[in-house]
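# Residue-level structure breakdown
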Amino acid sequence: MKRLAVALVGVNTVGYRSLALDYLQTSALADPRLDIALTRFDVDVSLDAWWTAYRVLTLTPKPDVVALPVFCWTARHVFDACRLVKAASPETTIVVGGPEVGPIAEEVLAEQPSVDIVVRGEGEFTFPEILHSISRGGDVGGIPGATARSGGRIVSGAEPKLLDELDMLASPFTAGLPIATDGSAYVETYRGCPHRCSYCFEGKGSSRIRSFSWERIESDINAVAALPGMTAFSFIDPVFNLTRDRLGRLSEILAPHAKRGVRLHTIEVDIERVDAEQAALLGAAGVVSVESGPQTVGAAALAECRRSFDPDRFAAGVEACRAAGISVECDLIVGLPGDTLEDVLDGIDFAISLDPGRVQLSTLHVLPGTDLWERATELGLRFDREPPHEVISTPQLSYADLRRLEVFGNAAAQTYQARLSLTPRSR
Amino acid sequence: MITFVEVAIGSDGELGCRRCGASSTQPHVRRASDVGAELASIATGWRYGPGPNVSFIGIEPFVHPELPQLIAAATSAGFSRVRLRTDGGALAKADNAAGAFSAGVRHLEIVLLGSAKTHDERSGRSGLFDDAAAGATAFSRAAESSAVSITARIPVCRHSVFDVAGAVVAAAALGASAATIDASGLKWSTDREALLDAALETATVNRVAACVINWDGGWTAPYDRTPWQSLPGVTQ
């Protein structure tokens, strides 16, 4: 069996290193069936894709397989790089995966001739299977979770089963991979999301929560937090305060590191559940900033997006965080179906009125695999089919309305943000 | 949205169109102790949401002999946002931009009379736009990773209205996120209304949130709200 040269390429936004690629790397290296020479490198998405291709094509040994995770905001770069690599090295097999391509795997293969294989869903088992199959000259198309070209056709293997025992995944944190100490490292304690927001792919179609064991969580956290020079990191969990007990346990594990000065930033929380006790637990864990909705305050959009919103509880949650010295980032989405111009302006007004610490506006991205992607026609949502899939118009807001709201919202957020003390003061 | 209370630190000294006689009167400077008392009163009674926030207006702040004391009075009274309405010229000199930032200024509202060429002509100060641009850059650089806001105030008169869209483009070139077009010096006409509408559209495509105030034709803006609102101070 031939030793396979594999290149993993992370195309990242600023301040983020692909955790997905870390998991793929450790899973592939931990598979005893594989004899691989694995190279991993990361580039910033702002780099010209020609230089990403350059780095791939100058690797020694020359990669037999190149794998890249794809997100909506990195897709153009990734596909450009794939096209260039394939043109220069047609014999290289190109594998992509991630939320941008998994839910529309066949469409991606039809539209991106340079891509050979798409991994659907979680890749930690599918990707090593693909490598195993390639090294034996087998047919990749039959592998569960893989969609590939086969005999001029596009063939999809069976739907992959979600892994129940997450502890079976090799830990990227204890495997000796480099861990950033500057705040760009992320830790994961569970997968799935309790919410089913129609614009979001966080739960990847499943609201079932699958958690790592507490032993594994503690081990991963300690591996990251106790690293010499570690100043800050974050968690990728969609809701950090999933339950009070869970938050309490996490706080206990994190508190010794917090006492040494290790800080947690941009932790996603359900702010309406945060009271003084939860805020104290967050503070003891070293949390300095949390991120939350409301995304919108418009009743129609909330219903369309399957979100609940209680302004009083939301305000109380922000206040509890402020009192504990924790900055809150309030996120708002412009262009949700059902939202009128007044709804968006009310949302900006509401968020700023809470003096949370930061207000962040983003335009709706109609993401593959989400309810909005499926129901776009029914809802009258027009969006760019090209990534990052920004909304073009809704029945309530024209293209011009959306652009004006983006400009207005950014000016309002900037006016709010520019102030003397970035640490919210207790009222 | 965010509210700023406008506090006059002097009078008859803001940049304006020379042909309208803006520079013919002698500016009056208000004493720092008087301004300080007003600031303390505003801070104590603040009821407008996140803040308190103040905008120093009335004269070019960098000609006020007690500007450091004024800023210090605001910060010690607890103002979160201190804004200077300025022609920007002085920001390019010495360490004024860095000094203003370190003293506590987070907002600059730069007065623009038109595009770069018109601005210099109408102000009668050759090179003023370039100085303002250099000052805005120096201010942002001094802030490093801290958030600061640069906006523009565009007073229009019959001499400059033809170039109001040019002023908006100039504001974008300064890095302004928003612009307030003050039409108090302008009488209504269909042509002028069209020029103001064109300026608003120009603002949007340049990613500047703009509105027109004090216009005979009524409120002119995409919305009935602005990214911030200004309220008059006690002395106005």
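Residue indices follow the written sequence of each chain, beginning from 1 at its first position. Each chain is given a letter, starting from A, and each ligand a number, starting from 1, according to the order in which they appear as written. In view of the model being predicted, local features appear only for residues whose pLDDT reaches at least 70, and side-chain atom pairs are presented and counted only at 80 or more, with totals across whole chains, interfaces and linings using the full set of residues. Neither water nor hydrogens contribute to the side-chain values; these are computed over all heavy atoms in the structure.

### What about the overall build of chain A?
Check the secondary structure of chain A and you find 13 helices and 18 strands. The globule rule is 2.2 Å times the number of residues to the power 0.38, and the radius of gyration it is compared with is taken over C-alpha atoms. The globule rule puts the C-alpha radius of gyration for 427 residues at 22 Å, and the 22 Å found for chain A is close to it. Considering only C-alpha atoms, chain A reaches an extent of 70 × 50 × 35 Å along its principal axes. Whether two residues touch is decided by their heavy atoms; if any such pair falls within 4.5 Å, the residues are in contact. Taking as baseline every contact in chain A between residues at least 6 positions apart, the subset at least 24 positions apart corresponds to 72%. Working definition of accessibility: Shrake-Rupley area with a 1.4 Å probe, residue cover restricted to the visible protein chains. Element-wise, carbon and sulfur atoms account for 52% of the exposed surface of chain A, whose accessible area totals about 17,300 Å². By the counting scheme adopted, Arg and Lys are positive, Glu and Asp are negative, and His together with the chain ends is not counted. Charge coordinates come from a single atom per side chain, which is NZ of Lys, CZ of Arg, CG of Asp or CD of Glu. Charge separation in chain A, taken as the distance between the mean sites of 41 positive and 57 negative side-chain charges, equals 3 Å. Elements are defined by DSSP. Helices are runs of H or I of four residues or more, strands are runs of E of two residues or more, and each kind is numbered from the N terminus.

### Examining a nonpolar patch on the surface
Residues and elements named next belong to chain A. Only residues whose relative accessible area exceeds 30% and that form no salt bridge enter a patch; like-charged residues are grouped when within 9 Å of one another, and nonpolar side chains (Val, Leu, Ile, Met, Phe, Trp, Tyr) when within 5 Å. Only one rule defines a salt bridge in this text: a Lys or Arg side-chain nitrogen within 4 Å of an Asp or Glu carboxyl oxygen. Together, Leu47, Trp50, Trp51 and Tyr54 make up a nonpolar patch on the protein surface, roughly 490 Å² of accessible area in all. Along the chain, Tyr54 falls in helix H2 (residues 49–57). Buried residues are those whose accessible area, probed at 1.4 Å on protein chains only, stays under 20% of the maximum for their type, while exposed residues exceed 50% and partly exposed ones sit between those limits. Given a relative accessible area of 47%, Tyr54 falls into the partly exposed group.

### Concerning the environment of Ala75 of chain A
By the element assignment, Ala75 of chain A lies in helix H3 (residues 75–88). Ala75 of chain A sits 135 residues away from Arg210 of chain A along the chain, and the two C-alpha atoms are 28 Å apart.

### Structural notes on H2 of chain A
Residues and elements named next belong to chain A. Restricting attention to buried positions, one finds in H2 the residues Ala49, Thr52, Ala53 and Val56. Projection of H2 onto a plane perpendicular to its axis shows the buried side chains occupying an angular sector of 100°, all on one side. Of the surrounding elements, those touching the buried residues of H2 are strand S1 (4–12), strand S2 (36–44), strand S3 (65–69) and H3. Polar contacts, as used here, are pairs of N or O atoms within 3.5 Å; protein pairs need one atom able to donate a hydrogen and one able to accept it. Residues neighboring in sequence count only if both atoms are side-chain atoms. In this structure Asp48 caps H2, since a side-chain oxygen of it lies 2.9 Å from the backbone nitrogen of Trp50. When we speak of the arc, we mean the arc of directions from the helix axis to the C-beta atoms.

### With respect to the interface of chain B and chain A
On the chain A side, the residues contacting the 31 residues of chain B number 26 residues. Put simply, buried area is how much 1.4 Å-probe accessible surface two parts lose in total, over both of them, once they are put together. When the two sides are added together, the surface that chain B and chain A hide from each other amounts to roughly 2,500 Å², 61% of it contributed by carbon and sulfur. Interface area lost by chain B to chain A is led by Met1, Tyr223 and Arg225 of chain B, which between them contribute 30%. For Arg404 of chain A, the salt bridge goes to Glu201 of chain B, with nearest N and O atoms at 2.8 Å. Our count for the chain B to chain A interface comes out at six residue pairs in polar contact (both at pLDDT 80 or more). Elements supplying a minimum of two residues to the side of chain B that touches chain A: strand S1 (2–13), strand S4 (81–86), strand S6 (149–157) and helix H7 (190–205) of chain B. Within the side of chain B that touches chain A, the residues separate by chemical class into 15 nonpolar, nine polar and seven charged. Basically, the charged four are Asp, Glu, Lys and Arg, the nonpolar ten are Ala, Val, Leu, Ile, Met, Phe, Trp, Tyr, Cys and Pro, and anything else, Gly included, counts as polar.

### Things to note about the side chain of His64 of chain B
Residue and element names in this part refer to chain B. One can find His64 in the loop between strand S3 (53–59) and helix H2 (67–76). Owing to a relative accessible area of 4%, His64 belongs among the buried residues under this scheme. Separated by 3.5 Å, the side chain of His64 and the backbone oxygen of Ile9 make a polar contact. In contact with His64, not counting residues within four places along its chain, are Ile9, Val29, Arg30, Ile59 and Leu70.

### Overview of unusual backbone geometry
Residue Pro61 of chain A is bonded to the preceding Thr60 of chain A through a cis peptide linkage, with omega at 0°. Within the fold, Pro61 of chain A resides in the loop between H2 and S3.

### Quick look at the confidence of the model for chain B
Along the chain, pLDDT gives the predictor's confidence residue by residue, from 0 to 100. Mean pLDDT over chain B stands at 90; residues scoring 70 or higher make up 97%. Quick note on the complex model: pTM equals 0.92, ipTM equals 0.94.

### Points about the pairing of S2 of chain A
All names here are of chain A. Between any two strands, pairing holds if DSSP finds at least two bridges. For S1 and S2, the ladder comprises nine bridges, and the chain directions are parallel. Pairing of Ala7 across the sheet is with Thr39, part of S2. With its strands directed away from the observer, a crossover is right-handed exactly when the path from the first strand over the helix to the second travels clockwise. What joins S1 to S2 is helix H1 (residues 19–30), and the crossover it makes is right-handed.

### Some details on the sheet that holds strand S6 (residues 146–150) of chain A
Hydrogen bonding along the main chain pairs the strands of a sheet, whether they run parallel or antiparallel. Residues and elements named next belong to chain A. Spatially, the seven strands line up as an open sheet ordered S2-S1-S3-S4-S5-S6-S7, and their pairing is mixed. What marks the edges here is a single partner per strand, and that holds for S2 and strand S7 (153–156). Strand-to-strand twist of the sheet, defined as the mean angle between neighbouring strand axes without regard to direction, takes the value 20°. Two strands pair when backbone bridges link them, and S6 and S7 are joined in this way by four bridges, in the antiparallel orientation. Opposite Ala148, over in S7, you have Val155 as the bridge partner. Contacts between H2 and the sheet are confined to S1, S2 and S3, with S2 contributing the most and set at about 160° to the helix. Note on geometry: axes are C-alpha line fits, over the in-contact stretch for helices, and angles between N-to-C directions span 0 to 180 degrees.

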